[in-house]
Amino acid sequence: MINKLETLNTQDVLSMKGEGYYSKKTAGAKNAIDSIQKIMERSILSLPNREILRFADFGAADGGTSQQLWYNLINLIRSSGDGRVIEILYTDLASNDFSTLFKNMQGMRGEKGLAYQKIFDNVFVHGCGTGFHQQLLATDSLSLGFSATAMHYVSEKPCQIKNHVHMIGADIAEKRQFMAQAATDWESILLARAKELASGGRFVCMNFGIDEKGRYLGNTGGHSMFDKFNQHWRTHLDQGIITNEEYINTTFAQHYRTVDEFSAPFNDNSSKISKAGLKLLSCSTKLTKCPYREAYEKNIRSMSKKDFADSLIPTTRSWSETVFRTALLKRNENERDNIVDSFYENYRAEVERDPDGHAMDYVHIIMEIEKI
Ligand SMILES: C[S@@+](CC[C@H](N)C(=O)[O-])C[C@H]1O[C@@H](n2cnc3c(N)ncnc32)[C@H](O)[C@@H]1O
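Residues numbered from 1 in each chain as written. Predicted model: local features only at pLDDT ≥ 70, side-chain atom pairs only at ≥ 80, totals over all residues.

1. Focus on the overall build of the chain
Here is step 1: The secondary structure content of the chain amounts to 14 helices and eight strands.
Here is step 2: A compact globule built from 372 residues would reach a C-alpha radius of gyration of about 21 Å, and the chain, at 21 Å, matches this within 12%.
Here is step 3: Overall, the C-alpha framework of the chain stretches about 65 × 50 × 40 Å when taken along its three principal axes.
Here is step 4: Counting every position in the chain, which comprises 372 residues, the buried fraction comes to 44%. (Helix = DSSP H or I, 4+ residues; strand = E, 2+ residues; numbered from the N terminus. Rg over C-alpha atoms; globule rule 2.2 N^0.38 Å. Buried ≥ 20, exposed ≤ 12 C-beta atoms within 10 Å, placed from the backbone.)

So, in structure tokens, the structure goes:
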């Protein structure tokens, strides 16, 4: 019999929680995006003079976390007296909750004051449900591409990780396979953007990765969030709640690239990326503090340990839950709910018992790329 899991591709297993849950519970992702406003403004100012300003937000989820950024940029363009047509293409996987995204932009839900499609004239919002490893727009048509916290997802898992849930805890042989997959994917992503971008256009991306100090998401000095995921999932295994096959199948389809891995194609003049005309203008790393930890530390008198745990775990759950659920596909819905709920509850209870060292700080590698 074919194992049901073997028939799944990466696209089926990494969607964010829908109905606006994602952007509501990921204040940190929004803070990280807002922090690169100046880089985006700089890019806007240097764009080639074209009749239509065509923008794209690759891997946008429900669009809520980048809405303020796009609102501010469009406002800046209009305030400067530039009334040109603006087209903005939101891309994500076909499984994404595009309905919430379109409602956000039309002011039917979310932050109505940021519903720029309604607020400004001549702004057109489109959606695309094809993965960003392929070319998604006509050749030579994109003015400015943007992507936040999305390109760490690999197009396919090169292997399952046997003793951990994420590549950061994989053994050397497994890590190598993830690294090779991520290098192939990065090349596809960049070659696709090289085709789409008009000459003089820009692609600004901020991706999860490993910084110069070895830090990455949820691992910036205290407990490592991925080790905690692994610890609690393994406890489920040890207690017979999940099977060994389910444990092994729980492998995040993600790779955290280092700065060197991100920059490699640009540092080699003979690479396909350099030959396609892409040039790296800047590359930096950025740590964005976990807003839930910050709120707890600021309000230590009024916020209980339980309040902190109740706020931190949903932010980890908003993007990770599908991975755990998918590993349980052979079970019925009710069983899956119970297992996944108890897993996050155990993590939550640990944080409530002793909040020290628990946080989900973000670590991004920010790149400004130009098509020459
Ligand atoms: C963590 S969310 C980030 C959403 C938003 N950009 C932000 O920064 O808050 C990652 C998004 O990337 C999307 N994604 C993952 N792989 C993708 C692919 N190959 N093509 C398009 N989107 C993808 C996921 O579906 C998800 O919506």
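There is more to say, and it comes next.
2. Section: helix 4 (residues 67-79)
Here is step 1: Helix length check: helix 4 (13 residues) gives 18 Å between terminal C-alpha atoms against 18 Å at 1.5 Å per residue, within 8%.
Here is step 2: All of the buried residues along helix 4 are Gln67, Leu69, Trp70, Leu73, Ile74 and Ile77. One face of helix 4 carries all of its buried residues, which in axial projection span an arc of 160°.
Here is step 3: On the buried face of helix 4, the contacting elements are helix 2 (27-34), helix 3 (37-45), strand 2 (85-91), helix 5 (98-105), helix 6 (116-119) and strand 3 (123-128).
Here is step 4: Looking one or two residues beyond helix 4, the residue adopting positive phi is glycine 81, at roughly 90°. (Expected span 1.5 Å × (residues − 1). Arc of directions from axis to C-beta. Contact = placed C-beta atoms within 7 Å.)

3. A look at the environment of glutamine 177
Here is step 1: Mapped onto the elements, glutamine 177 comes out in helix 7 (residues 172-196).
Here is step 2: C-beta crowding within 10 Å serves as the criterion here: with 17 such atoms nearby, glutamine 177 is assigned to the partly exposed category.
Here is step 3: Separated by 83 residues in the primary sequence, glutamine 177 and aspartate 260 place their C-alpha atoms 17 Å from one another.
Here is step 4: Here glutamine 177 is in contact with Pro158 and Cys159, once residues within four sequence places are set aside.

4. Details of the pairing of strand 2
On a regular strand, one side chain projects to one face of the sheet and the next to the other, so that they alternate.
Here is step 1: Most of strand 2 is tucked away, with five of its seven residues classed as buried.
Here is step 2: Note: strand 1 (residues 52-58) against strand 2, seven bridges, orientation parallel. Of the residues in strand 2, the one forming a bridge with phenylalanine 55 is isoleucine 88.
Here is step 3: Viewed along the sheet, the connection from strand 1 through helix 4 into strand 2 turns out right-handed.
Here is step 4: The sheet contact formed by strand 2 and strand 3 spans six bridges and is parallel. (Pairing = 2+ DSSP bridges. Right-handed = clockwise from strand over helix to strand, strands pointing away.)

5. Here we look at the site of the ligand
Here is step 1: Around the ligand lies a shell of 22 residues, among which Gly59, Thr65, Gly131, Ala148 and Ala150 are the nearest.
Here is step 2: For the shell around the ligand, a count of residues per class yields twelve nonpolar, nine polar and one charged. (Near = placed C-beta within 6 Å. Nonpolar A, V, L, I, M, F, W, Y, C, P; charged D, E, K, R; others polar.)

6. What about the environment of lysine 162?
Here is step 1: In this fold, lysine 162 is placed in the loop between strand 4 (142-148) and helix 7.
Here is step 2: In the structure, lysine 162 is positioned 89 residues away from threonine 251 in sequence and 8.4 Å away in space, judged by C-alpha atoms.

7. Overview of the confidence of the model for the chain
Predicted coordinates in regions of low pLDDT should not be interpreted in detail.
Here is step 1: Averaged over every residue, the pLDDT of the chain is 94; the share at 70 or more is 94%.
Here is step 2: Every residue in residues 1-9 scores below 50 in pLDDT, and together they form eight contacts with partners more than four places removed in sequence or on other chains. (pLDDT = per-residue confidence, 0-100.)

8. Some details on unusual backbone geometry
Here is step 1: One non-glycine residue with positive phi stands out, namely alanine 61, at about 55°.
Here is step 2: Along the chain, alanine 61 turns up in the loop between strand 1 and helix 4.
Here is step 3: Phi angles above zero are rare outside glycine, and threonine 149 is one such case at about 55°.
Here is step 4: Within the secondary structure, threonine 149 sits in the loop between strand 4 and helix 7.
Here is step 5: For threonine 149, a count of 23 C-beta atoms within 10 Å corresponds to the buried category.

9. Some words on the nonpolar core
Here is step 1: In terms of nonpolar packing, the biggest core is built from 93 residues, with Ala56, Ile74, Ile86, Ala148, Tyr216, Leu217 and Leu312 touching the most fellow members.
Here is step 2: Beyond its immediate chain neighbours, meaning those up to four positions away, alanine 148 contacts Ala29, Ala32, Ile33, Ser66 and Met206. (Core = buried A, V, L, I, M, F, W, Y, C linked by C-beta atoms within 7 Å.)

10. Some words on the environment of alanine 138
Here is step 1: Within the secondary structure, alanine 138 sits in the loop between strand 3 and strand 4.
Here is step 2: The class of alanine 138 is exposed, set by 10 C-beta atoms lying within 10 Å.
Here is step 3: The spatial distance from the C-alpha of alanine 138 to the C-alpha of glutamate 196 is 5.9 Å, given a sequence separation of 58 residues.

11. Some remarks on the packing of helix 13 (residues 305-326) against helix 14 (residues 333-353)
Here is step 1: Packing of helix 13 against helix 14 brings their axes to within 9 Å, and their N-to-C directions diverge by 145°. The two elements helix 13 and helix 14 meet at a crossing, and its hand is right-handed. On helix 14, the residues that touch Lys305, Lys306, Phe308, Ala309, Leu312, Ile313, Arg317, Glu321, Phe324 and Arg325 of helix 13 are Arg336, Val340, Phe343, Tyr344, Tyr347, Arg348, Val351 and Glu352. (Axes fitted to C-alpha atoms, helices over the stretch in contact; angles between N-to-C directions. Left-handed = near helix turned anticlockwise from the far one by under 90°.)

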